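# Understanding the architecture of this molecule
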Amino acid sequence: MKPTDIAQPDYFHKVVDCQWACPAHTPVPEYIRLIAAGRYGDAYLVNWQSNVFPGILGRTCDRPCEPACRRGRVEEGGDRKAKPEPVAICRLKRVAADYKEDIRERLPKPAAKKNGKRVALVGAGPASLTVARDLAPLGYELVVFDGDAKSGGMMRTQIPKFRLPESVIDEEVGYVLDLGVEFRGGQRIDSLGALLAQGWDAVFVGSGAPRGRDIDVPGRTEAAANIHIGIDWLASVSFGHTTRIGKRVVVLGGGNTAMDCCRSARRLGGEEVHVVVRSGYDEMKASPWEKEDAAHEGIPIHNYLVPKAITHEGGRLTGVTFEKVAPKYDERGRRQLIPTGESDVHFPCDDVLVAIGQENAFPWIERDLGLDFDDWGMPVVDKATMASTRAGVFFGGDAAFGPKNIIWAVAHGHEAAISIDLHCRGEDVARRPAPHTTLVSQKMGIHEWSYDNAITGDHRFRVPLKDTKLALKNIRIEVELGYDEKLAFAEAQRCLNCDVQTVFAGKLCIECDACVDICPMDCITFTADGDEADLRTRLRAPAENTAQALYVGGNLKTGRVMVKDEDVCLHCGLCAERCPTGAWDMQKFLLEMAHADDRCRTRHAPAPRVSVAVA
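Residues numbered from 1 in each chain as written. Predicted model: local features only at pLDDT ≥ 70, side-chain atom pairs only at ≥ 80, totals over all residues. Heavy atoms only, no water.

## Description of the nonpolar core
Within the largest apolar cluster, 70 residues are counted, with the highest numbers of intra-cluster contacts made by L135, L142, L192, L195, V203, F395 and I420. Looking at which element gives the most residues to this core, the answer is helix α17 (residues 406-424), with ten residues. Once residues lying within four places of it in the same chain are set aside, the contact partners of L195 are A120, V122, F145, I189, W200 and V203. The next biggest cluster of nonpolar side chains, apart from the first, holds 65 residues, and it includes A43, V95, A583 and L591. (Core = buried A, V, L, I, M, F, W, Y, C linked by side-chain atoms within 4.5 Å. Buried < 20%, exposed > 50% of the residue type's maximum accessible area, 1.4 Å probe, protein only. Helix = DSSP H or I, 4+ residues; strand = E, 2+ residues; numbered from the N terminus. Contact = heavy atoms within 4.5 Å.)

## Digging into the packing of aromatic side chains
Given two aromatic rings, their pairing is described by the distance between the two centres and the angle made by the two planes. The final tally for this structure, using the stated rule, is eleven aromatic pairs. Ring centres of Y44 and Y175 lie 6.5 Å apart, and the angle between their planes is 80°; this geometry places the pair in the edge-to-face category. Within this pair, whereas Y44 is found in helix α4 (residues 40-51), its partner Y175 is found in helix α11 (residues 166-177), the two being separated by 131 residues in sequence. You can call Y44 buried: its relative accessible area is 0%. The cationic tip of R63 hangs over the ring face of W289; the distance from NZ or CZ to the ring centre is 3.7 Å. Residue placement shows K404 over the ring face of W408; its charged tip is 4.1 Å from the ring centre. (Phe/Tyr/Trp six-rings, centres within 6.5 Å; stacked < 30°, edge-to-face > 60°. Lys NZ or Arg CZ within 6 Å of the ring centre and 35° of its normal.)

## What to know about the pairing of strand β11 (residues 316-329)
Here eight bridges tie strand β10 (residues 305-313) to β11, and the two strands are oriented antiparallel to one another. The partner of V306 across the bridge, within β11, is E323. Between the antiparallel neighbours β10 and β11 lie two residues, among them G314 with a positive phi of about 60°. The pairing of β11 with strand β13 (residues 345-348) spans four bridges and is antiparallel. Paired with F322 across the strands is V345, a residue of β13. In sequence, β11 turns back onto strand β12 (residues 335-339) through a hairpin of five residues, with G333 there showing a positive phi of about 85°. (Pairing = 2+ DSSP bridges.)

## Thoughts on unusual backbone geometry
Backbone geometry places H25, a non-glycine residue, at a positive phi of 55°. With respect to the helices, strands and loops of the structure, H25 is situated in the loop between α2 (17-21) and α3 (28-36). Not every positive phi belongs to a glycine, and D522 is a case in point at roughly 55°. Following the sequence through the fold, D522 ends up in the loop between α20 (514-518) and β19 (524-527). Note on D522: relative accessible area 30%, which makes it partly exposed.

## Looking at helix α15 (residues 288-296)
Buried residues of α15: W289, E290, K291, D293 and A294, and no others. Summarising the contacts, the buried residues of α15 are in contact with α14 (256-267) and β9 (301-302). Two residues or fewer after α15 comes G298, characterised by a positive phi angle close to 80°.

## Thoughts on the sheet that holds strand β14 (residues 351-354)
Strand order in the open sheet made by the five strands is β6-β14-β7-β8-β9, with parallel pairing throughout. Strands at the two margins of the open sheet, each flanked by one partner only, are β6 (227-229) and β9. Alignment of strand β8 (residues 272-276) against β9, held across two bridges, turns out to be parallel. Residue pairing for β9: V275 is matched across the bridge by I301. Contacting β6 and β14, helix α13 (residues 230-238) runs over the sheet at an angle of about 85° to β6. (Axes fitted to C-alpha atoms, helices over the stretch in contact; angles between N-to-C directions.)

## A look at the sheet that holds strand β17 (residues 436-441)
Across the sheet, three strands lie side by side as β17-β22-β18; this open sheet has antiparallel pairing. Across the chains shown, the open sheet's two edge strands, defined by having one partner strand only, are β17 and β18 (500-504). Across the sheet, the axes of successive neighbouring strands diverge by a mean angle of 35°, strand direction being ignored. Direction of pairing for β17 relative to strand β22 (residues 584-592): antiparallel, over a ladder of six bridges. Bridging from a neighbouring strand, S441 pairs with Q587 of β22.

In structure tokens, the structure reads:
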């Protein structure tokens, strides 16, 4: 194999698994170290630059970073026989938000001078607000339109207050609007053509996926008064229009919206709340912790049941009848749900909440504007630039590719802001700016590093919860209490500092094997060269995870190569401490994604190049 080119930004980016998995590529280990040092404001601003809503996401993120966390691959169960668990990255993000000092003076200020360009943003959710955050410092006149009186979009309307307090939304949405962004609440856009006719230099559509799917079974029409679409019902609860529900409630669906519906129903008078899902428990789209929270509040989940009919008497809902099904897989692994032939199951109830999915609705976008739509009624959007087929019109969030989550909407917003800025400057939106990267030695002495490289054996710390009896009495009482500073420090110590890289200089190596002997994970092997498939079988520990790279170093006097498996490396630095010649060094890799507002950030003017040790 050729020696690894560590100057390529994506090489070490992929090694920092959590940051690579995050759609916004937040530098996770960087802010966790700041939390451990008690520098909460600094940790918050590292997050704010990447994901815009640290306090919101610290409570609600779908956490794509955590399944990727290296800790989950290398941790042993120990005496507790616990399943290896990742660092609580999401909940540490909340710590930064909860314990930060007043950081308003450290945020960008409204542009002193406008640049003459006007941008309309449809929808006041996370995608549009991210676009506004990035473009405001550049002097754009930004106007956000939304049918609701307050901004925040689905963050405000569809996430229950017991998960996300309104004060947190107000604070973090306020940081964006305070940059000089105009919000026109209560102004729903009913015609994109009419909006375009107003002469905007660019239009961003971040209107979300506003329509919940319905069921079509016998009795649906007759009992309609007590059958509610989940996302609409949650919005009605959020705005205080709905304050009670029947004692017996059936929730249809297995996603996070269904979990929010069932838990909200418990707080509004539902004494007997059942969640019924057509798939198996493990196949449910709801996040594992959302299912656990529902179970903690005494809400049962019933699987492999398909709604067959709504029962009613004289127009009054009486229950739902379900058919029992079982999964059957064909030779290609595709699943079908086959009726078992067992007797139907009937759940008596007073109300039904339908949370079986969301879909986009674009009746307000005329089809003669030069925007192409696919066979599913979705706009054709470039995944890199967020551009539609009409110049100057961009999409993001759920409106672009269907329902996902807040962090994806933020990532879309960053990319769309870059495109809008390029478009308004008459440049090619396909020419994407490179990320900013640095690679700096952490050596402070012969065997000392500027970071704490001790590996703690602690298991993941549980987040304290409000007493269930108290939590169920008020739908606005936050259930999760969050880590206190002591627990936050302990959890932060579980981070393996995957951004502090082992960098190898072959010309300094004397092939003494000291690094091989001391490596606790058997990551390092000196061997004859070969192709990748061959090398992976000849290492001290076979490198079976092909998603993780092999770090290959050459220039060895014997002609052999150094091969390090990045998969389970602890980044402990023992190889560098033991090396008698300094062939190994611990160097911190920092990657910051390029954003439109980089032109206002002097620390990136000009953007620094990667500084690396020569192998």
